[in-house]
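Each chain is listed here by its residues.
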Amino acid sequence: LQAQTQPPPAPPVQTFRTATDVVMVDVAVRDGGRMVTGLRAEDFVVTDNGVRQRIDSVESAAVPIDLTLVVDLSGNPQGPWERRVAPSSIVRQLESEVNDVAGMLRPEDRIRLIAIDTEIHQVFPMRSPAAPIEIDRSPSGGMSALFDGLAAALLQPVEPARRHVVIARTKGLDTVSSIDAQALRAVAERSDALFHLVLMETALDNDAALRVFQCQFMGLCWPTRRWWVPFTRRLVMPDPTGTARRGLLLDGQAIAAGAEATGGGLHKASTFAEPTLRGTFRKAFEDFRSSYVLRYTPSAPQGGWHTIHVSVPASKSYSVRARKGYLVERPPAPATAPAPPAVLEWLADFTAAYQRGAYGPVVEGLRRIKDPLQMLRDFEVAGTPGPANPRREAVFALELAEAAVYSAQAATREAGVEMLTRFSRL
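The shown structure was predicted, so the numbers you read here are calculated from the model rather than taken from an experiment.

About the cut-offs
- Residues numbered from 1 in each chain as written.
- Predicted model: local features only at pLDDT ≥ 70, side-chain atom pairs only at ≥ 80, totals over all residues.
- Heavy atoms only, no water.
- Buried < 20%, exposed > 50% of the residue type's maximum accessible area, 1.4 Å probe, protein only.
- Helix = DSSP H or I, 4+ residues; strand = E, 2+ residues; numbered from the N terminus.
- Phe/Tyr/Trp six-rings, centres within 6.5 Å; stacked < 30°, edge-to-face > 60°.
- Lys NZ or Arg CZ within 6 Å of the ring centre and 35° of its normal.
- Pairing = 2+ DSSP bridges.
- Axes fitted to C-alpha atoms, helices over the stretch in contact; angles between N-to-C directions.
- Contact = heavy atoms within 4.5 Å.
- pLDDT = per-residue confidence, 0-100.
- Salt bridge = Lys/Arg side-chain N within 4 Å of Asp/Glu carboxyl O.
- Parallel < 35°, antiparallel > 145°, perpendicular 65-115°, else oblique.
- Nonpolar A, V, L, I, M, F, W, Y, C, P; charged D, E, K, R; others polar.
- Arc of directions from axis to C-beta.

Visitor: Summarise helix H3 (residues 146–154); cite the residues concerned and give the values.
Guide: Buried residues dominate H3, accounting for eight of its nine residues. Turning to H3, its buried residues are Leu146, Phe147, Asp148, Gly149, Leu150, Ala151, Ala153 and Leu154.

See the structure below:
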């Protein structure tokens, strides 16, 4: 009785990729290097597909987060003779980094680790950060499924009451992915995750230096760990000057645009420092804790992609970072009853149905004909129905002949056998 008197629980608010009326947007506002706090609903202007929206509420982003760490453990695509770092050392260093990141999380947060190599490996699923994380082993030395691995992380489902943050570290090389950078950008733009990508440019330099050393001083100019060099898609251009100022190639620009569309970004080396997994997450987490969640009800909730723009007009010095939009799934079209099959009576009906690929109705229609002799005679008079495809015409003739050779009429059977004999050469 007590349970019946309690009001039913409110349904959870769905974010993005839904057909719900309420939209939630994570927004970070900065004034130079300082996060701006204390803003209210009337300080923001939100447009949805160009239409200004009324903001229902503004909250701090102190909601639980699901953190997915993605680490690129792929080897050198040039296939060098010697590994630069032992696999056990890579595992211990990775374990230390993951535990450092987990130590920044709150008890209500969760963490997952995905490793990218020739295949994508979930080292451990989403779990609490409270207990120490131990990594038994991790693959290394193979090819790189970078684009596939990033897409796998971005496509993970997100619970309505949580936020998903993806921090990925990579050398920026891809050799075996099934999707390209443009497809990954489309996935990121429609993902519910905040996506940050960290480029390990020092690792790129070390791979290049090892190859030059082995070629010039050891004569090992061709791959020694495999007999071929895979086609490699790169995010950044080579850096022969050592200035650590690599420009983004087209694939890099596409993925950077996808990351920025989520409210995140692509992080490259500066003059004196290279971004790290720890530092990138620390910065993203601090920004996240100082950001806002805007809620509004779209005034025109039609299906399809909705472009969002958030601004704070009060100060021109403020920079606003928010996701660029969300997707509302269009309802499926109502099912319609299938049209009744057409009645095939004349040769023209059978020929037209066969040409459009309706083989089942043709077979069923021929079985209903009591005496197909007239059909065979009409076929002889009509001539070739498919002059551009004699093999197809022969198969159609076989269907007609089959209906005739099993007839109870002797004349019909003889006509069927004659047709089989004549079309056998086709």
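Visitor: Let's hear about the packing of aromatic side chains: which residues, and what values?
Guide: Centre distance and the angle of the planes are the two values used to describe a pair of aromatic rings. Within this structure, the stated rule accounts for one aromatic pair. Seen from their ring centres, Phe44 and Tyr292 are 5.4 Å apart, and the 70° between their planes marks the pair as edge-to-face. One end of the pair, Phe44, is in the loop between strand S2 (34–35) and strand S3 (45–48); the other, Tyr292, is in strand S14 (residues 292–296), and 248 residues separate them in sequence. Accessibility expressed as a relative area gives 6% for Tyr292, which makes it buried. Sitting above the plane of the Phe124 ring, Arg127 keeps its charged end 5.9 Å from the centroid. Between Arg190 and the ring centre of Trp305, over which it is positioned, the NZ or CZ distance is 4.7 Å.

Visitor: I'd like to hear about the sheet that holds strand S4 (residues 51–52), residue by residue, with values.
Guide: The four strands lie next to each other as S4-S3-S15-S17, forming an open sheet whose pairing is antiparallel. Looking along the sheet, the strands with just one partner apiece sit at the ends: S4 and strand S17 (325–328). Both S3 and S4 contribute to a ladder of two bridges, which runs antiparallel. Bridge pairing in S4 places Asp48 opposite Val51.

Visitor: Residue-level account of the sheet that holds strand S13 (residues 265–267), with values.
Guide: Strands sit in the order S8-S7-S6-S9-S11-S13 across an open sheet of six strands; the sheet is mixed. Two strands lie at the open edges of the sheet, namely strand S8 (120–127) and S13, each paired on one side alone. Neighbouring strand axes in the sheet, compared pairwise and without regard to direction, differ in orientation by 15° on average. Looking at chain direction, strand S7 (residues 110–116) and S8 are connected through five bridges and run antiparallel. The partner of Ala115 across the bridge, within S8, is His121. Packing of H3 onto the sheet brings it into contact with strand S6 (65–72), S7, S8, strand S9 (163–170) and strand S11 (193–199), and relative to S9 it is tilted by some 165°.

Visitor: Lay out the side chain of Thr47 with the relevant residues and their values.
Guide: Tracing the sequence through the fold places Thr47 in strand S3. Excluding anything up to four places from it in sequence, Thr47 contacts Arg52, Gln53, Thr307, Ile308 and His309.

Visitor: Lay out the environment of Glu260 in plain terms, naming residues and giving numbers.
Guide: Residue placement: Glu260 occurs in helix H6 (residues 250–261). Measuring from C-alpha to C-alpha, the distance between Glu260 and Arg321 comes to 8.6 Å, with 61 residues separating the pair along the chain. Filtering out sequence-adjacent residues up to four positions away, Glu260 remains in contact with Gly265, Ala322 and Lys324.

Visitor: Any chance you could break down the confidence of the model for the chain for me, citing the residues and the numbers?
Guide: Per-residue pLDDT for the chain has a mean of 77; in total, 75% of the residues score no lower than 70. When the elements of the chain are averaged for pLDDT, helix H1 (residues 2–5) gives the smallest value, 40, and H3 the largest, 94. Throughout residues 1–19 the model reports pLDDT below 50, and contacts reaching past four residues in sequence, or to other chains, amount to 29 contacts.

Visitor: Outline the pattern of salt bridges, supporting the account with residue identities and numerical values.
Guide: Summed over all chains, the structure comprises 14 salt bridges. For Glu95, the salt bridge identified is with Arg92, shortest N-O distance 3.2 Å. Separated by three residues within a single helix, Glu95 and Arg92 lie in helix H2 (residues 87–102), roughly one turn from each other. The exposure class of Glu95 is buried, given its relative accessible area of 18%. Take Arg92: its relative accessible area is 43%, and that puts it in the partly exposed class. Across the pair Arg190 and Glu189 runs a salt bridge, and its minimum N-O distance is 3.8 Å.

Visitor: Lay out the packing of H3 against helix H4 (residues 181–189) with the relevant residues and their values.
Guide: Viewed as axis vectors pointing N to C, H3 and H4 meet at an angle of 10°, and their least axial separation amounts to 10 Å. It follows that H3 is roughly parallel to H4 by the angle criterion. Contacts between H3 and H4 involve Phe147, Leu150, Ala151 and Leu154 from the former and Ala181, Leu184, Val187 and Ala188 from the latter. Looking at the contact of H3 with H4 residue by residue, the classes come out as eight nonpolar, no polar and no charged.

Visitor: So what about unusual backbone geometry? Which residues, and what values?
Guide: In this model, Asn49 sits at a positive phi of 55°, which is unusual for a non-glycine residue. Tracing the chain through its elements places Asn49 in the loop between S3 and S4.

Visitor: Outline helix H8 (residues 347–355), listing residues and values.
Guide: All of the buried residues along H8 are Leu347, Phe350, Thr351, Ala353 and Tyr354. Projection of H8 onto a plane perpendicular to its axis shows the buried side chains occupying an angular sector of 165°, all on one side. Phi for Gly357, located one or two positions after H8, is positive at around 90°.

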